[in-house]
Amino acid sequence: MAALRVPSTKAVNAGSIDPEITAPERPAGSGKRAEFNVAAAPDARGFGGPVILAVGFIALAGLVGLALRAGGPTEDPNFVRARDSLARYELGRTETERNYDDPLYDGALADLAKVDANSSSVTAAQTLASEITLKREAFRKRIQARETAAATVQQEISDRESESLAAHQMNLLMPKKDFPECKEGPGHAH
Amino acid sequence: MSGHETCDVDPSARREDGSAILIVVLLTLVVAALGTPMLVMSNTAHQIAANERDAERALFAAKAGLNYGFNLFDLGTVVPTTGGVSFDSFASAVATPLSGASFTGKIFDVSAMLGRGQLYRIESTGTFGKCSRKVELVFEIIPEAMKYGYMAFSEATLHNHSGLSGPSFKIESTIFSNGKVDFPAGLTIDGSIVSLDLVDTGTSTIKGDVFANSVANTGTITGNVKRVTAVRALPSTATIYDRVDAQGNKYAWFGGHSTAGTYSGGGVLGGTNTSYNVANGDVFLYSVFRHNGSLMDKPDVNVAEYIAPPQLDYKAMKVEADLNDPTYFTTAGAAMTYLRNHIVTETIAGKTVKTVKVGTNAQPEFLYIVGDFSLVFTGGAGSNTGNNIAADGINLEGGMYVSGDVAFDGPSYNSILQPAPPDWYQVRINALPYCLPAILAYPQPATGTIATWTPANTPAMTGGASKINMSAGTGFYFWTGLTLSEGETHLHHVNNATELIRFIGAELAFKIHNCDYMWFTYDPNVRCTKFLLTDSGLPQVVSYRELR
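Residues numbered from 1 in each chain as written. Chains lettered and ligands numbered in written order. Predicted model: local features only at pLDDT ≥ 70, side-chain atom pairs only at ≥ 80, totals over all residues.

Draft legend 1. Main features of the overall build of chain A. Scanning chain A from terminus to terminus reveals five helices and zero strands. Counting from the amino terminus, chain A carries its helices and strands in the arrangement α-α-α-α-α. Residues counted as buried form 13% of the 190 residues belonging to chain A. The long-range fraction of contacts in chain A, counting pairs at least 24 apart against all pairs at least 6 apart in sequence, stands at 63%. (Helix = DSSP H or I, 4+ residues; strand = E, 2+ residues; numbered from the N terminus. Buried ≥ 20, exposed ≤ 12 C-beta atoms within 10 Å, placed from the backbone. Contact = placed C-beta atoms within 7 Å.)

Draft legend 2. Representation of the overall build of chain B. Along chain B, the regular secondary structure elements total seven helices and 40 strands. Against the globule reference of 24 Å for 548 residues, chain B gives a C-alpha radius of gyration of 35 Å, more extended than a compact globule. On the principal axes, the C-alpha backbone points of chain B span a range of 150 × 60 × 45 Å. The long-range fraction of contacts in chain B, counting pairs at least 24 apart against all pairs at least 6 apart in sequence, stands at 62%. (Rg over C-alpha atoms; globule rule 2.2 N^0.38 Å.)

Draft legend 3. Quick look at the pairing of strand β3 (residues 118-128) of chain B. Residues and elements named next belong to chain B. Across the 11 residues of β3, 11 count as buried, placing the element largely inside the fold. Neither face of β3 is open: one carries Q118, Y120, I122, S124, G126 and F128, the other L119, R121, E123, T125 and T127, and all of them are buried. The pairing of strand β2 (residues 102-109) with β3 spans eight bridges and is classified as antiparallel. From the neighbouring strand, G105 faces β3, where its bridge partner is S124. (Pairing = 2+ DSSP bridges.)

Draft legend 4. Up close: the domain arrangement of chain B. Residues and elements named next belong to chain B. Domains assigned within chain B are domain 1 (8-141), domain 2 (179-305) and domain 3 (311-534). Domain 1 and domain 3 are separated by 57 Å when their C-alpha centres are compared. Every contact between the two is made by four residues of domain 1 and, on the other side, six residues of domain 3. Here the side of domain 1 that touches domain 3 is built from residues that sort into one nonpolar, two polar and one charged. (Domains from an automatic or database assignment. Nonpolar A, V, L, I, M, F, W, Y, C, P; charged D, E, K, R; others polar.)

Draft legend 5. Quick look at the nonpolar core. Residue and element names in this part refer to chain B. Within the largest apolar cluster, 122 residues are counted, with the highest numbers of intra-cluster contacts made by I193, V210, A304, Y368 and I369. Among the elements that line this core, the one with the most residues is strand β37 (residues 501-515), at nine residues. For this core, the two domains that each supply at least three residues are domain 2 (179-305) and domain 3 (311-534). A61, F87, F128 and L137 belong to the second largest nonpolar core, which has 16 residues in total. (Core = buried A, V, L, I, M, F, W, Y, C linked by C-beta atoms within 7 Å.)

Draft legend 6. Just helix α3 (residues 19-75) of chain B, in detail. Given a rise of 1.5 Å per residue, 57 residues ought to cover 84 Å, and the 82 Å separating the end C-alpha atoms of α3(B) matches this to within 8%. Positive backbone phi, approximately 85°, marks B:G76, located one or two places after α3(B). (Expected span 1.5 Å × (residues − 1).)

Draft legend 7. Quick look at the packing of helix α3 (residues 77-90) of chain A against helix α4 (residues 103-113) of chain A. Residue and element names in this part refer to chain A. Two elements in contact, α3 and α4, have axes whose closest approach is 8 Å; the angle formed by their N-to-C orientations is 160°. Classified by the angle their axes make, α3 and α4 are roughly antiparallel. Between α3 and α4 lies a crossing whose hand is left-handed. Across from N78, F79, R81, A82, S85, L86 and Y89 in α3, the residues of α4 making contact are L104, G107, A108, D111 and L112. A class-by-class count of the residues in the contact of α3 with α4 yields seven nonpolar, three polar and two charged. (Axes fitted to C-alpha atoms, helices over the stretch in contact; angles between N-to-C directions. Parallel < 35°, antiparallel > 145°, perpendicular 65-115°, else oblique. Left-handed = near helix turned anticlockwise from the far one by under 90°.)

Draft legend 8. Local environment of helix α6 (residues 314-322) of chain B. All names here are of chain B. Of all the positions in α6, only Y314, M317, E320 and A321 are classed as buried. The buried residues of α6 occupy one face: seen down the axis, they fall within an arc of 120°. For α6, the elements touching its buried residues are β24 (311-312), β25 (328-329), β28 (365-369) and β31 (393-402). Residue N324 follows α6 closely and has a positive phi angle near 55°. (Arc of directions from axis to C-beta.)

Draft legend 9. Summary view of the sheet that holds strand β23 (residues 304-305) of chain B. Residue and element names in this part refer to chain B. Reading across from one edge, β18-β19-β17-β23 is the order of the four strands in this open sheet, with mixed pairing throughout. The sheet is open, and its two edges are formed by β18 (243-244) and β23, each paired on a single side. Direction of pairing for β18 relative to strand β19 (residues 250-253): antiparallel, over a ladder of two bridges. Paired with R243 across the two strands is Y251, which belongs to β19.

Draft legend 10. Quick peek at the environment of B:H493. Among the structural elements, B:H493 can be located in the loop between β36 (477-492) and β37. Discounting chain neighbours no more than four positions away, the residues touching B:H493 are B:M470, B:A472, B:T474, B:E499, B:L500, B:I501, B:Y517 and B:M518.

Draft legend 11. Just the environment of B:N341, in detail. When you line up the elements, B:N341 lands in the loop between α7 (332-340) and β26 (343-348). Spatially, the C-alpha atom of B:N341 lies 9.4 Å from that of B:K357, the residues being 16 residues apart in sequence.

Draft legend 12. Layout of the confidence of the model for chain B. Residue and element names in this part refer to chain B. Per-residue confidence for chain B gives a mean pLDDT of 91, with 95% of residues at or over 70. Below a pLDDT of 50 lies the segment residues 1-6, which in the model reaches zero contacts outside its immediate sequence neighbourhood of four places, other chains included. In the model output, the complex is listed with pTM 0.76 alongside ipTM 0.75. (pLDDT = per-residue confidence, 0-100.)

Draft legend 13. Region of the structure containing the confidence of the model for chain A. Per-residue pLDDT for chain A averages 75, and the proportion of residues at 70 or more is 63%. Taken together, the stretch residues 38-42 of chain A has pLDDT below 50 and engages in one contact with residues farther than four places along the chain or on a different chain.

Draft legend 14. Here's a closer look at unusual backbone geometry. All names here are of chain B. Residue P422 is reached from P421 by a cis peptide bond, and omega for that bond is 5°. Among the structural elements, P422 can be located in the loop between β32 (406-409) and β33 (427-430). Positioned with a positive phi, A349 is a non-glycine residue whose angle comes to about 50°. Assignment of secondary structure puts A349 in the loop between β26 and β27 (351-358). The exposed category is assigned to A349, around which 10 C-beta atoms lie within 10 Å. Within the chain, F531 stands out as a residue other than glycine whose phi angle is a positive 80°.

Structural data, given as structure tokens:
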């Protein structure tokens, strides 16, 4: 609240016999007088100032950000899409658990091929594309080697069984009739 | 505003002016308020349905992965490990039928972890779109070859030299043979027999049933005789086959036994004598055991099926040998040196003997010996060079693999010098408690190194290579565990009862050739024996879980 101000009466009563008008004075009270924070009064009047400043600052920062974004180099959305889709797929999968023949990798390569040559992502996109290609080749070699190894194992098992069967057949055809190492005892029936 | 003031309009009508637009706006708001949630809900329902469909397809893919993983195991293409061996659907032949779905997985060997036979776990993760599901299957294999006590991959011949019946030659076991089973006189077999060829009883007594292609009975069979055809299972890809069972499995005749053979001999037959020629579409009953490996009370076999010899895991044997004492020996001489360093003098029942003591209950030893291994005990003051060892006997807590022939020999039992069983044996091998084989005599692969060998490299069992041979004129032997020889296992303790071989476990060989004095008892615990891989045997599902 603004403080009560009493205008001076000295100029009005100049030359008058009337006693000089003075402001009435209150007798000093016996109780403690209420304290008014006179210094705080001007701040209370300007309460909206900092808010406006903050809003202005935020707006300014936003404008600066937009300006920087519009003016500086940006990531190509094709690259971002490819990178994010691969990140989602590869998260938690080890190298041997990734199927590089998955259509997702075809899609990623297609997206990477669409990356604007003037964008900031072109180098990263090329690196990612060549990395996918290399890993895909290694993956296909690994699958091929695995299938070959499996076929070899199957062949070995088959050969092994054939050999055993042949030996068994030979044993049937030419059975051992005498056992010289067995000295025939009295109870021997053969 | 002045225009309005000049119009001659009914004041009451003028009060309704603009209400239409308000109504339209309100109705629009109401419709929007009702329609928007409906649209949102409809879209959400579609998304839920799509996710549900993808999740179901991912689950189907995961289950397909379980089947594929087991198929790889069954074919022998992958050998499960404790750390897990990977499989996936990435090969085009597998990926194409999945129509966009895929799976990855691992097969773990959890046999040792749970301490129960051959136990495996398959984990499979199926993926479709953004959905993935994971399932787990635990299954157990009880190899058919380890269900029988006597397992002859070509022939079983028993010789009763003493002519005595009873404890001097006692067989408490079932017998299986891909070929003939030939008995001597005066022997009692306390179990059933399955043979793909001829069972010749001699004048012995068979206390169980006999299922064979043909039977010559001049002794006594207290059970039933059933003469059956003999088959060998073929891969599902086989284009030439002789029979198909009720499940579509394909078979070829084995040994030319496409019809049941004859029954001959004038022996005593306590049960029935029947025959059966297996037909297409039959449920092939070839085992006298239940799925859990226990013996059926009244088995009904309608066909005899070939059982293939097992493969060996050489690398795992070396790993076992490297445990505790380093007992991987590239020469028999190195093994002999090791054994000589383990001779202890001990007094048992007042008699002092020198015994080669290897392994303890806490630290059993598995010996891996390249070459022939012949051990001759010469007593405490005897020769200690070459194959001779200056000891009275051996006590091995563990087992052994030998790439060549195995033989133990020693002086005859002397009751004045040596303690009697069960306090002491000339040759004691205790392998069963540790799931180790007691004795494996089998050649190594001809090429490569142990670091590169896989079970598929195991040489074919042809009967001509590694043998287990125990000659007469020794002391008491006591073995627990499984023995396997590529050739013949000839246990020939024929002199007297003081060289009795007490054998508890299972005996597998191309040719089993046992002579008295011997007392054999099958122990089903041999099913946990390590290092032997066999694809014959029905898998039993222990548990199935959908993990997420």
